[in-house]
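Per-entry structural report
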Amino acid sequence: MKVIYLDNNATTMVAPEVLDAMLPYFSTHYGNPSSMHSFGGEVAGSIKTARENVARLIGAQPEEIVFTSCGTESDGTAIRAAIESYPDKKHIVTSRVEHPAVKNLYETLSKKGYRATFVPVDHSGRLDMDYLYDSLSDDTAIVSLMWGNNETGVIFPIEEISREVKSRGILFHTDAVQAVGKIPINIRETGVDMLSLSGHKFHSPKGIGALYIRKGTRFSPFMIGGHQEKGRRGGTENTASIIGLGKAAELAANHLKENGYERISRLRDKLEQTLLDSVPSAMINGDPANRLPNTTSVAFEYVEGEAILLMMNEHGICASSGSACTSGSLEPSHVLRAMGVPFTAAHGSIRFSLSRYNTEDEIDLILDKLPPIIERLRELSPFWKQAMGN
Ligand SMILES: Cc1ncc(COP(=O)(O)O)c(C=O)c1O
């Protein structure tokens with residue numbers, strides 16, 4: 001059975017060009033980039049090119065890019081560096097809809113003497129800007145806010161927030177793991193101090209990420225060791241994956257330049273609109289005007305998201321649900337809860353996330369299979385029958 005993969009915010013396929021670029025670094029080009037001999041030196045040259053490509057994708061300087069193992073490491077490194085660099089400041093700020101990479105770290109830090117503010121969002125997932133700005137003080141060590149939400153795709157106005165936060169002399173980090181490669185980013189123009197990205201969200205392998213650190217930003221490394229990455233992250237470089245990330249960044253930049261995401265957002269909009277038109281009591285989670293072009297979170301009221309996923313799976317369709325299995329009970333995700341999405345809708349929420357490899361035929365197949373699935377599940381749902389008055 002052919003797989004129809006619309007779970008690209010979870011992870012993406014490694015692009016064939018990326019794999020081709022990586023392969024020699026597992027076989028013939030296995031030198032250590034730190035070695036004095038030219039066999040290793042050649043690898044160092046390839047890493048330099050990869051760094052330039054990653055920098056170009058976000059409008060940074062190559063020396064502002066530090067390679068890490070993933071988005072989670074980049075987020076943790078940035079936040080820990082901030083609090084270590086400003087040891088007298090005990091207040092940290094983020095939002096209620098962050099990825100666990102930030103959310104759980106903030107919760108951990110709040111048990112270790114830090115005062116954490118989690119800024120709320122409205123029903124559409126838009127940040128409460130007044131709440132954010134009112135929370136800031138001389139005691140604030142860092143503000144960390146995601147650029148694009150992994151569940152709803154909602155984009156926060158990072159440029160505007162960054163300007164305001166910076167004008168108050170506070171360090172600003174953005175988790176741009178879902179935004180990089182999907183929307184144009186010119187970090188120079190934003191004033192952002194640190195930015196996290198992750199390769200497996202834009203067609204390079206899992207286990208490689210990067211942290212942008214603006215020149216002049218106070219920083220202390222999380223991984224202390226050798227002189228690699230100019231002392232900002234010790235450990236022998238994951239050369240093949242770095243080369244892969246560089247290639248993926250080059251491909252993503254070209255795709256953005258060619259407005260490739262217009263086609264993807266058209267497919268997303270077709271999927272979304274047709275579902276809204278054909279399925280009763282369906283709605284979109286998140287601000288439709290400000291979203292990543294590849295993401296939609298659709299709530300089908302009075303059905304279980306997991307049941308929808310299982311039935312779609314029988315047709316090879318891969319997506320994800322708006323619930324997280326926490327201690328045995330299916331809880332709606334913290335993102336949908338923070339937005340105040342009613343339980344009946346949050347439980348039946350499905351996230352579809354597209355990539356440049358999706359086709360219109362795949363969308364048509366989903367549109368053929370999904371509405372009858374919802375209908376069948378509702379026939380079995382006592383909540384639906386109750387809501388319909390029978
Ligand atoms: C917004 C966001 N931040 C951070 C991460 C973590 O990235 P990684 O899986 O590379 O650790 C993810 C992964 O889903 C994400 O969506």
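Just so you know, these numbers come straight off a predicted model, no measurement behind them.

Section: the sheet that holds strand 4 (residues 115–119)
Strand pairing within a sheet occurs via backbone hydrogen bonds; the two strands may be parallel or antiparallel. Read from one edge of the open sheet, seven strands run 2-8-7-6-5-3-4, paired in mixed fashion. Because the sheet does not close on itself, it has two edges, and the strands there are strand 2 (65–68) and strand 4. When the angles between neighbouring strand axes are averaged without regard to direction, this sheet yields 20°. On the sheet, helix 2 (residues 38–58) packs against strand 2, strand 7 (194–198) and strand 8 (209–213) and is oriented at approximately 110° with respect to strand 2.

A short note on empty space enclosed by the protein
Applying the stated criterion to the full structure yields two cavities of 30 Å³ or more. The volume enclosed by the largest cavity comes to roughly 60 Å³. In this structure, the largest cavity is lined by 15 residues; those nearest its centre are Lys182, Lys201, Phe202, His203 and Tyr261. Residue composition of the lining of the largest cavity, grouped by class: four nonpolar, eight polar and three charged. A volume near 30 Å³ is recorded for the second largest cavity. Lining the second largest cavity are Val66, Thr68, Glu73, Thr77, Leu211, Phe219, Arg232 and Arg233. Looking at the lining of the second largest cavity, its residues break down into three nonpolar, two polar and three charged.

Things to note about helix 4 (residues 100–110)
For helix 4, the full list of buried residues reads Ala101, Val102, Lys103, Leu105, Tyr106 and Leu109. Elements that come into contact with the buried residues of helix 4 comprise helix 3 (71–85), strand 3 (91–95), strand 4, strand 5 (140–146), strand 6 (171–175) and helix 10 (334–338).

Describing the packing of aromatic side chains
Scanning the model with the defined rule gives three aromatic pairs in all. Between the aromatic rings of Tyr30 and Phe39, the centroid separation amounts to 5.0 Å while the plane-to-plane angle is 75°, which identifies the pairing as edge-to-face. Given a relative accessible area of 59%, Tyr30 falls into the exposed group. With a centroid separation of 6.0 Å and an interplanar angle of 55°, the aromatic rings of Tyr302 and Trp384 are classed as tilted. Residue Tyr302 is found in the loop between strand 10 (295–300) and helix 9 (305–313), and its partner Trp384 is found in helix 13 (residues 382–387); the two are separated by 82 residues along the sequence. Exposure remark for Trp384: the relative accessible area of 14% places this residue in the buried category. In this arrangement the basic side chain of Arg378 is found over the ring face of Trp384, its NZ or CZ atom lying 4.1 Å from the centre.

Remarks on the sheet that holds strand 9 (residues 282–284)
Pairing in this open sheet of four strands is antiparallel, and the strands run 9-10-15-12 from one edge to the other. The sheet terminates laterally at strand 9 and strand 12 (320–321), the two strands that pair on one side only. Contacts between helix 9 and the sheet are confined to strand 10, strand 12 and strand 15 (349–353), with strand 15 contributing the most and set at about 45° to the helix.

Cut-offs and rules
Residues numbered from 1 in each chain as written. Predicted model: local features only at pLDDT ≥ 70, side-chain atom pairs only at ≥ 80, totals over all residues. Heavy atoms only, no water. Pairing = 2+ DSSP bridges. Helix = DSSP H or I, 4+ residues; strand = E, 2+ residues; numbered from the N terminus. Axes fitted to C-alpha atoms, helices over the stretch in contact; angles between N-to-C directions. Contact = heavy atoms within 4.5 Å. 1 Å grid on protein atoms, 1.4 Å probe; cavity = no way out; pocket = protein on both sides within 12 Å on 5 of 7 lines; lining within 4 Å. Points joined across faces, edges and corners; volume = space filled by probe spheres on them. Nonpolar A, V, L, I, M, F, W, Y, C, P; charged D, E, K, R; others polar. Buried < 20%, exposed > 50% of the residue type's maximum accessible area, 1.4 Å probe, protein only. Phe/Tyr/Trp six-rings, centres within 6.5 Å; stacked < 30°, edge-to-face > 60°. Lys NZ or Arg CZ within 6 Å of the ring centre and 35° of its normal.

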